[in-house]
Number of protein chains: 4
Amino acid sequence: MNVSIVGATGYGGVELIRFLNNHPHLKIKSLHTSSQSGRSLYEENAHLMHMNDKLEEIDPEAIAKKSDIVFLATPSGVSSQLISEFSDLNIKVIDLSGDLRLQTPGEYEHWYKKTAAPHHIIEKAVYGLAEWNAEEIRQSTIIANPGCYPTAALLGLAPLFTEGWATATDVIIDAKSGVSGAGKSLSSVTHYSEMNENFKIYKVNQHQHIPEIEQQLGRWSSDLQPITFNTHLVPMTRGIMATMYIKVNRQTSTAELRDLYETVYEGHPFVRVQPLDRFPSTKQVYGSNFCDIGVAYDERTGKVTIVSVIDNLVKGAAGQAIQNANILMGLEETAGLWSSPLYP
Amino acid sequence: MNVSIVGATGYGGVELIRFLNNHPHLKIKSLHTSSQSGRSLYEENAHLMHMNDKLEEIDPEAIAKKSDIVFLATPSGVSSQLISEFSDLNIKVIDLSGDLRLQTPGEYEHWYKKTAAPHHIIEKAVYGLAEWNAEEIRQSTIIANPGCYPTAALLGLAPLFTEGWATATDVIIDAKSGVSGAGKSLSSVTHYSEMNENFKIYKVNQHQHIPEIEQQLGRWSSDLQPITFNTHLVPMTRGIMATMYIKVNRQTSTAELRDLYETVYEGHPFVRVQPLDRFPSTKQVYGSNFCDIGVAYDERTGKVTIVSVIDNLVKGAAGQAIQNANILMGLEETAGLWSSPLYP
Amino acid sequence: MNVSIVGATGYGGVELIRFLNNHPHLKIKSLHTSSQSGRSLYEENAHLMHMNDKLEEIDPEAIAKKSDIVFLATPSGVSSQLISEFSDLNIKVIDLSGDLRLQTPGEYEHWYKKTAAPHHIIEKAVYGLAEWNAEEIRQSTIIANPGCYPTAALLGLAPLFTEGWATATDVIIDAKSGVSGAGKSLSSVTHYSEMNENFKIYKVNQHQHIPEIEQQLGRWSSDLQPITFNTHLVPMTRGIMATMYIKVNRQTSTAELRDLYETVYEGHPFVRVQPLDRFPSTKQVYGSNFCDIGVAYDERTGKVTIVSVIDNLVKGAAGQAIQNANILMGLEETAGLWSSPLYP
Amino acid sequence: MNVSIVGATGYGGVELIRFLNNHPHLKIKSLHTSSQSGRSLYEENAHLMHMNDKLEEIDPEAIAKKSDIVFLATPSGVSSQLISEFSDLNIKVIDLSGDLRLQTPGEYEHWYKKTAAPHHIIEKAVYGLAEWNAEEIRQSTIIANPGCYPTAALLGLAPLFTEGWATATDVIIDAKSGVSGAGKSLSSVTHYSEMNENFKIYKVNQHQHIPEIEQQLGRWSSDLQPITFNTHLVPMTRGIMATMYIKVNRQTSTAELRDLYETVYEGHPFVRVQPLDRFPSTKQVYGSNFCDIGVAYDERTGKVTIVSVIDNLVKGAAGQAIQNANILMGLEETAGLWSSPLYP
């Protein structure tokens with residue numbers, strides 16, 4: 001099966017290339033960018049010098065003729081425009097931006113301050129949280145690949161919500177991300193001398209992933225309260241940790257809680273529930289598609305602490321996109337993705 | 001006035017030396033260590049090669065004869081033993097360890113898993129949260145210098161508790177620290193290749209600073225609930241950020257909240273309340289004694305977010321210790337400490 | 001074909017595991033350590049939690065029965081002892097330590113300050129510089145896998161020496177390495193707070209890789225002068241850059257020089273000679289088996305500058321070891337190794 | 001005495017402010033920028049929030065009326081224009097850019113690709129290598145503050161050249177710098193995700209500091225050969241190490257060599273010659289005006305290795321500028337600069 005990548009030279013794009021180069025069934029057929037067509041891939045990406053690919057312009061019809069799937073690794077605000085051109089063609093679309101995730105256009109416009117994608121397309125898009133929506137994904141042609149923070153948060157919270165332990169409770173998600181999440185665009189925030197040896201909070205109470213998390217939690221729990229969600233930049237390139245605090249509706253223990261998670265995630269090879277009393281650090285999933293989760297029950301406060309880590313560019317972007325492609329095409333979920341984290 | 005430092009070669013010790021070298025009134029009279037007496041200071045600390053000081057053994061009587069103040073920059077479990085030897089001598093003691101902070105020996109033993117200091121000494125020790133306890137500090141001879149995390153957290157929470165905005169509410173403190181907080185002792189956690197490009201959570205719900213924070217909050221609020229407090233290691237050397245979530249007992253706005261903080265901290269030069277809608281990052285206090293605080297009121301959730309940053313080795317250790325020494329000796333609070341952060 | 005790894009939990013060991021897990025022909029049969037046998041692999045290596053392997057004790061006879069190749073990912077001084085036990089058994093050995101690299105035991109003892117391996121074994125060992133010694137490797141049973149610095153330096157210098165451009169000239173190799181090269185053992189040099197935001201030189205003129213580089217250069221050039229070689233630690237985990245300065249015995253230009261390199265390395269997929277006037281940085285080979293080389297001729301001085309980068313744990317250790325295994329077993333040289341660098 | 005700073009918000013500017021805030025004799029009278037006049041200093045520099053200064057426009061006449069010295073912390077190409085306006089006024093100028101360092105305008109234009117400053121002004125400018133040119137500095141009104149790399153390199157090489165040990169020999173300077181040397185302007189090279197966990201070489205054989213180093217060495221040695229000089233970026237914010245290789249014209253030993261350095265630098269408090277067989281790392285001068293130097297004689301090659309480290313923003317920029325101001329005004333050389341490095 002053939003795939004094409006639009007936005008091939010961004011961080012999401014090159015990570016798709018890294019995995020797809022070793023995928024047993026999906027072959028990269030073409031790479032596309034808006035501004036660098038005609039150049040060689042490696043001119044912009046010295047690490048890919050062993051590849052000879054040329055960058056091509058974005059021609060949806062031509063792409064649809066040669067590929068079965070197109071990955072849109074384009075920024076928010078761009079995907080929403082491209083999607084219209086692809087949606088009538090015979091090609092499946094996996095969009096890595098935030099443009100197709102929110103079902104309510106008004107919500108999108110409120111949080112993203114941009115024009116939403118056409119409503120009839122948003123309606124067709126399935127939210128690609130692979131471990132939880134595989135059924136829908138399988139029957140879809142447009143996948144809205146989840147955001148990096150929502151992936152970490154939702155996989156960490158899901159067992160409590162789907163199993164009925166969390167109801168009408170508030171959730172606090174204190175999230176931390178490596179800097180690659182901010183992409184390749186230059187800004188003073190991500191200038192090396194400003195970001196190195198620094199720890200920053202940003203978009204306090206205003207991150208556009210808030211409605212995305214709430215939308216999915218709301219599907220699991222009808223009486224969801226507004227969540228508290230904050231994001232920080234860590235002086236490292238990759239990795240997300242979501243540290244989450246929540247009250248559950250029963251007396252429990254750390255061991256019982258851990259059992260719940262282990263049971264729920266049985267059969268999901270990319271979620272690794274940690275041994276009792278151990279908590280993940282971001283580096284243990286570096287470069288891989290794993291989501292590692294540790295849990296604790298604090299008897300002093302009656303609160304549950306959940307620690308969920310992913311690599312923001314893999315499980316939080318390109319890796320989950322390929323996992324969705326695998327599901328979509330009826331392949332094994334782990335095809336091309338079953339590699340160990342890079343350590344140290 | 002003369003001062004001596006016990007534990008002069010640890011991270012707290014050399015930071016005391018850095019500031020005291022430029023202090024207008026306090027002069028370093030002698031430096032002491034348990035294991036390296038007789039050696040030159042710079043053999044262990046190449047950065048101090050411009051100093052000729054020798055390290056001496058720890059002889060409390062000799063120290064008390066030549067100095068007015070002794071700083072104990074020793075680890076927990078060591079200070080509790082040294083303190084007895086110093087407490088009958090005519091010298092003021094500022095202890096940077098956790099040994100004298102908890103008023104209840106049982107609490108200390110529960111959280112530190114070590115033998116507590118003698119009760120009659122603990123009773124005499126004043127908790128040196130400089131901005132809040134100056135009166136008591138002035139009249140004391142033994143100062144328990146606050147922990148790094150508690151300093152960041154308490155300065156951030158104080159206005160809400162002292163002004164009656166926070167009562168019988170739960171507090172969530174999600175704290176992040178640079179690695180120097182773990183000190184100079186080698187461990188696999190702080191081995192470079194393990195810690196670099198990594199973000200770790202540790203001591204989940206079990207950090208020994210929990211009772212220290214609760215003890216001080218409890219002085220301000222009689223109906224305090226147990227707090228939630230978690231700590232993370234950031235791949236950087238210095239800096240702490242405490243991100244805090246709390247419900248207040250009134251409707252408010254970010255502007256009103258900020259005004260409260262500005263009013264409360266007027267006249268406290270080391271606390272810099274940030275401009276409206278701006279939040280501090282750790283590097284903006286790097287190497288300085290400042291505590292920078294930003295606040296927000298989230299209308300969606302009704303929760304207050306407080307972001308407080310310090311340099312863990314300065315305001316969180318050596319800097320606040322000197323600030324306490326200044327108060328103790330009737331000097332200007334800022335003497336020797338009024339230097340700008342290192343940036344970038 | 002089956003392989004076993006001795007020293008499976010060190011940085012070299014886990015990197016072997018990472019690549020072998022995706023190798024089409026070599027399967028990990030057993031993992032061995034001296035001190036942790038009986039434990040699960042993931043207890044020491046949380047990033048490998050998706051594997052169920054147990055660590056076993058080191059029993060050479062048992063290993064030789066089940067595997068075709070054993071990788072010794074053990075420290076110098078340990079391999080020299082184990083090698084005797086393996087050398088009479090029907091198993092091929094690839095040793096990642098420095099113990100079998102120097103053909104003269106006296107040299108080994110001078111530079112390593114340890115007892116050399118038995119001379120008859122050293123004589124059988126082939127120096128596994130894969131791009132240059134493939135013929136000998138193919139016919140051997142014991143491979144001395146090259147050091148990380150020598151790999152970067154020798155691949156960068158080889159064309160000038162083998163093509164007769166460098167004769168009786170002095171060479172200056174100024175090398176820089178990420179900290180993982182120092183391994184997993186704790187030391188104050190690699191303590192995070194000491195190494196972060198720091199750049200260090202070490203073993204000035206005394207690094208044990210000096211004789212290893214000279215030995216190989218000496219095979220190419222009979223009138224080699226003693227080389228100058230210095231090593232530095234960079235505050236990063238992975239990557240080596242060797243910046244080299246050498247006078248060649250002819251007038252040339254940067255373009256001509258580059259052509260030489262391109263010609264010499266044609267057919268060697270892991271060496272990527274850079275485009276004209278471009279020089280590699282370490283991150284462009286991160287996690288991969290590539291060696292990227294850039295060259296320049298300085299008309300002002302008549303000197304050639306060569307810049308060679310590798311990932312010290314891959315091409316400088318585990319990757320080259322697997323490349324040697326591939327050659328040894330008659331497999332394609334790139335089998336299991338043809339993956340793109342991790343970027344960013 | 002009053003001073004003004006032009007270019008107050010760049011990295012050189014804020015470092016001048018940091019030191020001048022604690023200077024006993026020099027007082028900051030005004031701060032100037034080309035683009036942000038009217039704004040508060042701290043709006044651009046959150047770390048300076050304790051200061052109330054306003055940024056002013058650049059009006060040379062007004063500046064000359066209120067200040068005795070003006071620091072030009074402006075980029076190359078800007079200083080050369082401003083200098084004409086200041087040179088007729090009654091004010092001393094210390095220029096931190098490269099615009100006044102090269103005595104031959106053609107050289108400047110060749111290496112900087114910009115228009116040189118007026119020749120009559122260049123002729124009046126004294127090269128402010130403080131330890132070596134104090135006499136001339138004292139009698140001058142325009143100081144060309146040395147570049148960061150040249151400062152590290154020249155202080156390391158000076159004893160060999162001024163004492164006649166190095167004649168007609170080639171010198172190889174392999175220099176490494178923290179990223180702050182690249183300034184505050186955004187570029188993909190210094191984008192966090194590109195620079196972190198990376199080590200880069202840049203401007204191979206083409207750095208504009210080459211002629212600056214040669215010019216000063218040429219003053220000491222009439223038969224100087226063209227030097228080899230290369231520069232690398234280290235993933236850290238501050239610090240420069242120059243590792244230098246040179247052949248001397250006599251047999252010597254490391255001890256004898258070290259004695260030479262110690263003798264030459266006696267009475268120069270900012271140069272700290274390291275103990276025998278010890279070599280400096282960059283962090284031991286972090287945030288300070290020290291230059292630490294270690295030397296070795298390699299008996300195998302007959303070459304001398306010199307390792308020189310500075311903080312590029314202090315001794316390599318703002319610190320040396322203030323040192324020059326002190327000399328210029330007849331103050332103690334160390335005034336306002338005698339502070340310990342920040343460690344760790």
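Given the structure is predicted, the values throughout are model-derived calculations rather than measurements. (Residues numbered from 1 in each chain as written. Chains lettered and ligands numbered in written order. Predicted model: local features only at pLDDT ≥ 70, side-chain atom pairs only at ≥ 80, totals over all residues. Heavy atoms only, no water.)

Chemist: An account of the interface of chain B and chain C is requested, with residue identities and associated values reported.
Modeler: Contacts between the two partners involve 19 residues from chain B and, on the opposite side, 19 residues from chain C. Approximately 1,600 Å² of surface area, both sides summed, lies buried where chain B meets chain C, with 55% of it carried by carbon and sulfur atoms. It is B:L186, B:H191 and B:Y192 in chain B that bury the most area against chain C; as a group they hold 44% of the surface buried on that side. Our count for the contact surface shared by chain B and chain C stands at 0 salt bridges. Put simply, chain B and chain C have 14 residue pairs in polar contact (both at pLDDT 80 or more) between them. The biggest single contributor to the side of chain B that touches chain C is helix α9 (residues 192-195) of chain B, with 4 residues. (Contact = heavy atoms within 4.5 Å. Buried area = accessible area lost by both parts, 1.4 Å probe. Salt bridge = Lys/Arg side-chain N within 4 Å of Asp/Glu carboxyl O. Polar contact = N/O pair within 3.5 Å; in protein donor to acceptor, adjacent residues only side chain to side chain. Helix = DSSP H or I, 4+ residues; strand = E, 2+ residues; numbered from the N terminus.)

Chemist: Residues and numbers for the interface of chain C and chain D, please.
Modeler: Each partner contributes to the interface: chain C provides 46 residues, whereas chain D provides 45 residues. Of the roughly 3,900 Å² buried between chain C and chain D on both sides combined, carbon and sulfur atoms contribute 54%. Of all residues in chain C, C:E197, C:F199 and C:R300 give up the largest surface area on contact with chain D, accounting jointly for 19% of the area buried on that side. Where chain C touches chain D, the interface holds 6 salt bridges. C:E214 is the partner of D:R300 in a salt bridge, and the nearest nitrogen-oxygen pair spans 2.3 Å. Put simply, chain C and chain D have 34 residue pairs in polar contact (both at pLDDT 80 or more) between them. Those elements that place two or more of their residues in the side of chain C that touches chain D are β8 (171-177), α9 (192-195), β9 (200-202), α10 (209-220), β10 (228-233), β11 (240-247), β13 (291-298) and β14 (303-310) of chain C. Grouping the constituent residues of the side of chain C that touches chain D by class yields 21 nonpolar, 13 polar and 12 charged. (Nonpolar A, V, L, I, M, F, W, Y, C, P; charged D, E, K, R; others polar.)

Chemist: Which residues make up the packing of helix α5 (residues 105-112) of chain B against helix α10 (residues 209-220) of chain B, and what are the values?
Modeler: All names here are of chain B. Between α5 and α10, the shortest axis-to-axis distance is 9 Å and the interhelical angle comes to 150°. Judged on the interaxial angle alone, α10 and α5 are roughly antiparallel. From α5, E107, W111 and Y112 reach across to α10, where they touch H209, I210, P211 and E212. Of the residues assigned to the contact of α5 with α10, the class counts are 4 nonpolar, 1 polar and 2 charged. (Axes fitted to C-alpha atoms, helices over the stretch in contact; angles between N-to-C directions. Parallel < 35°, antiparallel > 145°, perpendicular 65-115°, else oblique.)

Chemist: How would you sum up the packing of aromatic side chains? Please name residues and give values.
Modeler: Given two aromatic rings, their pairing is described by the distance between the two centres and the angle made by the two planes. A complete count under the given rule lists 32 aromatic pairs over all chains for this structure. Plain terms: the ring middles of D:Y108 and D:Y112 are 4.4 Å apart, the flat faces sit at 15° to each other, and that makes the pair stacked. Of the two residues, D:Y108 and D:Y112 are both situated in helix α5 (residues 105-112); the distance of 4 residues between them amounts to about one turn of the helix. Pair check on accessibility: D:Y108 and D:Y112 agree, each one buried. Ring centres of D:W132 and D:Y265 lie 5.9 Å apart, and the angle between their planes is 80°; on these two criteria the pair is classed as edge-to-face. A residue pair is termed long-range when its members are at least 10 positions apart, and D:W132 in the loop between β6 (126-127) and α7 (134-138) and D:Y265 in the loop between α11 (254-264) and β12 (271-273) qualify at 133 residues. Under the relative-accessibility criterion, D:W132 is labelled partly exposed at 25%. One aromatic cluster in this structure is built from A:W132, A:W220 and A:Y265. (Phe/Tyr/Trp six-rings, centres within 6.5 Å; stacked < 30°, edge-to-face > 60°. Buried < 20%, exposed > 50% of the residue type's maximum accessible area, 1.4 Å probe, protein only.)

Chemist: Which residues make up the relation of the copies chain C and chain D, and what are the values?
Modeler: Overlaying chain C on chain D yields an RMSD of 0.0 Å, the required transformation being a rotation through 180° with an accompanying axial translation of 0.0 Å. Considering both components of the superposition, the chain copies are consistent with a two-fold axis. A high fraction, 98%, of the interface residues of chain C reappear at the interface in chain D, so the copies pair face to face through one surface. (Least-squares fit on C-alpha atoms with pLDDT ≥ 70 in both.)

Chemist: Describe the sheet that holds β6(D), and please don't skip the residues or the numbers.
Modeler: Sheet strands pair by backbone hydrogen bonding; their relative direction is either parallel or antiparallel. Residues and elements named next belong to chain D. If you trace the 7 strands from one edge of the open sheet to the other, you get β3-β2-β1-β4-β5-β7-β6, paired in parallel fashion. Either end of the sheet is taken by a strand with one partner, and the two such strands are β3 (55-56) and β6. Inspection of the sheet shows β6 paired to strand β7 (residues 142-144) by 2 bridges, in the parallel sense. Along β7, the bridge assignment pairs V126 with I143. Contacts from helix α4 (residues 79-87) reach β1 (2-6), β4 (69-72), β5 (92-95) and β7, with the element oriented near 170° to β4. In the packing of helix α12 (residues 314-328) onto the sheet, contacts are made with β4, β5 and β7, and the angle to β5 comes to roughly 155°. (Pairing = 2+ DSSP bridges.)

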